[in-house]
Each structure stands twice: as structure tokens, then as C-alpha cells.
Amino acid sequence: AYILTPLDWLKNIDYAEKTGEGLIESRNTWKISAGNGKIIWIDTFFGVPLRAEFSGDIYKFQKIAFNGVKDDDVTPTD
């Protein structure tokens, strides 16, 4: 089974209309209608989905980290 990631939700938006605003875990969000019954709450600063609803299912994205990777974390050492 494949679970859609926040980036998958963004990639699949071909139409969007802002329908509201709200807070999710102290983050400002825009509630958008993305067509075909998809409702997505987008973080207003980073632009990533924090919550999505589709076909009666709710998807929540929590503990999202930004800018948390340092050069030492990805630079190979010999």
C-alpha cells in the first residue's frame, strides 16, 4: 500500500479555491478546496499540507521538520 505524502497531495492539485483559514498545531493554515471533494489545509509559511480530507478519510501530517538537516548529516566521511 502507498500512503500519499504531503508532496503527493500538492502535486495532485490542479485547481484550488481558498475556503477558510485556521490553526493546526499552532500553525496558520489556509483551507482550500482542491476539486473532486478534496479539502486540504496548507501551512501558510512553508506551503505544505498539514491535513487533507478525501472520500470521508482524514489524513494528518504531524511532526514535519524543516531546515533540520545539517551538512554533516549528508556529507560522506572517509
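Just above sits the structure.
No experiment lies behind these values; they were computed from the predicted model shown.

Quick word on the pairing of strand E2 (residues 27-33)
(1) Moving on: Pairing of strand E1 (residues 17-24) with E2, which is carried by 7 bridges, proceeds in the antiparallel orientation. The partner of Glu17 across the bridge, within E2, is Ser33.
(2) Moving on: Direction of pairing for E2 relative to strand E3 (residues 39-43): antiparallel, over a ladder of 5 bridges. Bridge pairing in E3 places Lys31 opposite Trp41.
(3) Moving on: Joining the antiparallel neighbours E2 and E3 is a turn of 5 residues, in which Gly35 adopts a positive phi near 80°.

Quick look at the nonpolar core
(1) Moving on: Counting residues in each nonpolar core, the largest one holds 7 residues, listed as Trp9, Ile32, Ala34, Ile40, Ile42, Ala52 and Phe61.
(2) Moving on: With residues near it in sequence (within four places) discarded, Trp9 still touches Leu4, Lys38, Ile40, Pro49, Ala52, Phe54, Tyr59 and Phe61.

Here's the deal with the packing of aromatic side chains
(1) Moving on: Taken as a whole and judged by the stated rule, the model has 2 aromatic pairs.
(2) Moving on: On the numbers, 5.3 Å between centres and 50° between planes, the contact of Trp9 with Tyr59 is tilted. Taken together, the positions of Trp9 in helix H1 (residues 6-11) and Tyr59 in strand E5 (residues 57-60) put the pair 50 residues apart, joining distant regions of the chain.
(3) Moving on: Judged by relative accessible area, which is 4%, Trp9 ranks as buried.
(4) Moving on: Taking NZ or CZ as reference, Arg51 lies 4.9 Å from the ring centre of Trp41, over its face.

Describing the side chain of Asp43
(1) Moving on: With respect to the helices and strands, the residue Asp43 is situated in strand E3.
(2) Moving on: The class of Asp43 is buried, set by a relative accessible area of 2%.
(3) Moving on: A polar contact is formed between the side chain of Asp43 and the backbone nitrogen of Phe45, at a distance of 2.8 Å.
(4) Moving on: If near-sequence neighbours (up to four positions away) are discounted, Asp43 is found in contact with Arg27, Asn28, Thr29, Val48 and Leu50.

Scoring rules and cut-offs
Residues numbered from 1 in each chain as written. Predicted model: local features only at pLDDT ≥ 70, side-chain atom pairs only at ≥ 80, totals over all residues. Heavy atoms only, no water. Pairing = 2+ DSSP bridges. Helix = DSSP H or I, 4+ residues; strand = E, 2+ residues; numbered from the N terminus. Core = buried A, V, L, I, M, F, W, Y, C linked by side-chain atoms within 4.5 Å. Buried < 20%, exposed > 50% of the residue type's maximum accessible area, 1.4 Å probe, protein only. Contact = heavy atoms within 4.5 Å. Phe/Tyr/Trp six-rings, centres within 6.5 Å; stacked < 30°, edge-to-face > 60°. Lys NZ or Arg CZ within 6 Å of the ring centre and 35° of its normal. Polar contact = N/O pair within 3.5 Å; in protein donor to acceptor, adjacent residues only side chain to side chain.

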